[in-house]
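# Residue-level structure breakdown
The primary structure of each chain is shown beneath.
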Amino acid sequence: MKVTGIIAEYNPFHRGHKYQIDYCKKELGADYVIVAMSGDYVQRGTPALLSKHVRAEMALRCGADLVLEMPVSVSTASAEAFAMGGVSMLDGLHVVDKLCFGSEYGDVSALQELAEILVKEPEEYRRLLKEFLGKGLSFPAARSQALMEYFRNPRNFTGDDFDGVLTPLLNQIAQILNSPNNILGIEYLKALKAKNSSIEPVIVKREGQGYHGQELSHGFASASGIRSALKDVGDWEQDEKISQLFHVMPKEITEIFIEAGKQNQMVWEDDFSLLLQYNLLKQKNRLQLTAYSDVSKDLAMRISKNLNQFESYSSFVQKLKTKELTYTRISRALLHILLEITQEETRMFLHNPYTRILGFRQDSKEV
């Protein structure tokens, strides 16, 4: 029995996701595809657009055999913890042979080279990272520069094909580390290495729109573009954007999707504005905020300082945003305050992973 795992959010499900499931079965020869999926909250620090049960049904209708829920403490965590949580779940099942993930960079060996260094953090890499941070670069920029300098020394390359793998890698390190999908792919590889897992990583090259692409005219749209279009939908019976969405969503799920829209089931972060404001106001002091996951002392201070200017969830994130603190990082931190998720809860799951079955296909009961 061949089983391939996918770690996903499906926020919302679209043609690119079905393409990945089909790839696992047709190209990788998987008898079954198991999906570890975020529950009702996702990694960008917001509620999922649709409930976990609706999204699980969409995945099953489009070829997934079993959908498992990732607990909220890791589904809303940083890329590193999110990846480790998903890998820990799939590895703990003891039936998954391959992990398939999407990436704009199609060479898994190149990403493995980067993951190897980021796991081991050799002394020379740490020295270079410290040097570039000392020059005032942001952490992502300093990491990119440090990796390029590290790999420019042929002695630090562990692969067999220096010219075939390293040369293009050096030219694209900055680009690779600027893509959320590539970063997440590297984190999956790091997690597999850290757990000494027997699961084989496989990349499916991402087609169509990039992670943040907003166009719906292309056959493969991004989840971000679909969410953006849905915010402006008026009449679910006649709005022309609905017909555009048909081109980027599998026909198997359009009925479910339209029904969810008609019944006003879609959830946005600003629907939680009053609840978030209440949870922020009830904190006794800013030090109490630092107990929650992703809330640093600096962020806690900014929250306290700007709290009387709170208008909505999304606008408050914008108000707190700085060069060092990204929108997503702040959004995750606020969600953790809202849901009262602490660092300790995330650590507990990573040491003792568990899962919940959201659904499976009747003809896949064997898995």
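The coordinates are above.
As a starting point, this report considers the structure included with it. Please read these numbers as outputs of a predicted model, since none were measured by experiment.

## Topic: the overall build of the protein chain
Counting its secondary structure elements, the protein chain contains 18 helices and eight strands. Burial status across the protein chain gives 52% buried among its 367 residues. Considering only intrachain contacts with a sequence separation of at least 6, the fraction spanning at least 24 residues in the protein chain is 72%.

## Notes on helix H5 (residues 108–120)
Under the 1.5 Å per step criterion, the end-to-end length of H5 is 18 Å for 13 residues, consistent within 8% with the ideal 18 Å. When H5 is considered as a whole, its buried residues turn out to be Ala110, Leu111, Glu113, Leu114, Ala115, Ile117 and Leu118. Following H5 by one or two positions, glutamate 121 adopts a phi angle in the positive range, close to 45°.

## Regarding the packing of helix H13 (residues 273–281) against helix H17 (residues 327–339)
Put simply, H13 and H17 touch, their axes get as near as 9 Å, and they point 75° apart. By the angle between their axes, H13 is roughly perpendicular relative to H17. On H17, the residues touching Leu275, Leu276, Asn279 and Leu280 of H13 are Leu334, Ile337 and Leu338. Classifying every residue of the contact of H13 with H17 by side-chain character gives six nonpolar, one polar and no charged.

## Some details on the nonpolar core
Ile7, Leu99, Leu147 and Tyr188 are the most contacted members of the largest nonpolar core, which totals 46 residues. Look past the residues within four positions of leucine 99 in its chain and what remains in contact with it is Gly5, Ile6, Ile7, Val87, Leu90, Tyr188, Leu192, Ile199, Glu200, Pro201 and Val202. If you look at the next biggest cluster of nonpolar residues, it comprises 39 residues, including Ala8, Cys24, Met58 and Ile226.

## What to know about the sheet that holds strand S7 (residues 200–205)
Within the open sheet, the six strands sit side by side as S7-S6-S1-S2-S5-S8. Their pairing is mixed. Two strands in the sheet have a free side with no partner beyond their single neighbour: S7 and strand S8 (356–360). Each adjacent strand pair in this sheet contributes to an overall mean axis angle of 30°, direction not counted. By the bridge criterion, six bridges tie strand S6 (residues 98–103) to S7 in an arrangement that is parallel. Of the residues in S7, the one forming a bridge with leucine 99 is proline 201. Lying over the sheet, H5 contacts S6 and S7, oriented at roughly 125° with respect to S7. Across the sheet, helix H9 (residues 180–194) lies against strand S1 (3–8), S6 and S7, angled at about 160° from S6, the strand it touches most.

## Brief notes about the packing of aromatic side chains
Across all of its chains, the model carries five aromatic pairs by this definition. Measuring from centroid to centroid gives 6.1 Å for tyrosine 41 and phenylalanine 272, while their planes differ by 75°, and the two rings are edge-to-face. In this pair, tyrosine 41 sits in strand S3 (residues 41–42) while phenylalanine 272 sits in the loop between helix H12 (254–262) and H13, placing the two residues 231 residues apart along the sequence. For tyrosine 41, a relative accessible area of 19% gives the class buried. Residue phenylalanine 272 is classed as buried on the basis of its relative accessible area of 15%. Look at phenylalanine 310 and phenylalanine 316: their rings are 5.0 Å apart centre to centre, the planes differ by 50°, and that puts the pair in the tilted class. This pair shows no difference in class: phenylalanine 310 is buried, exactly as phenylalanine 316 is.

Rules and cut-offs
Residues numbered from 1 in each chain as written. Predicted model: local features only at pLDDT ≥ 70, side-chain atom pairs only at ≥ 80, totals over all residues. Heavy atoms only, no water. Helix = DSSP H or I, 4+ residues; strand = E, 2+ residues; numbered from the N terminus. Buried < 20%, exposed > 50% of the residue type's maximum accessible area, 1.4 Å probe, protein only. Contact = heavy atoms within 4.5 Å. Expected span 1.5 Å × (residues − 1). Axes fitted to C-alpha atoms, helices over the stretch in contact; angles between N-to-C directions. Parallel < 35°, antiparallel > 145°, perpendicular 65-115°, else oblique. Nonpolar A, V, L, I, M, F, W, Y, C, P; charged D, E, K, R; others polar. Core = buried A, V, L, I, M, F, W, Y, C linked by side-chain atoms within 4.5 Å. Pairing = 2+ DSSP bridges. Phe/Tyr/Trp six-rings, centres within 6.5 Å; stacked < 30°, edge-to-face > 60°.

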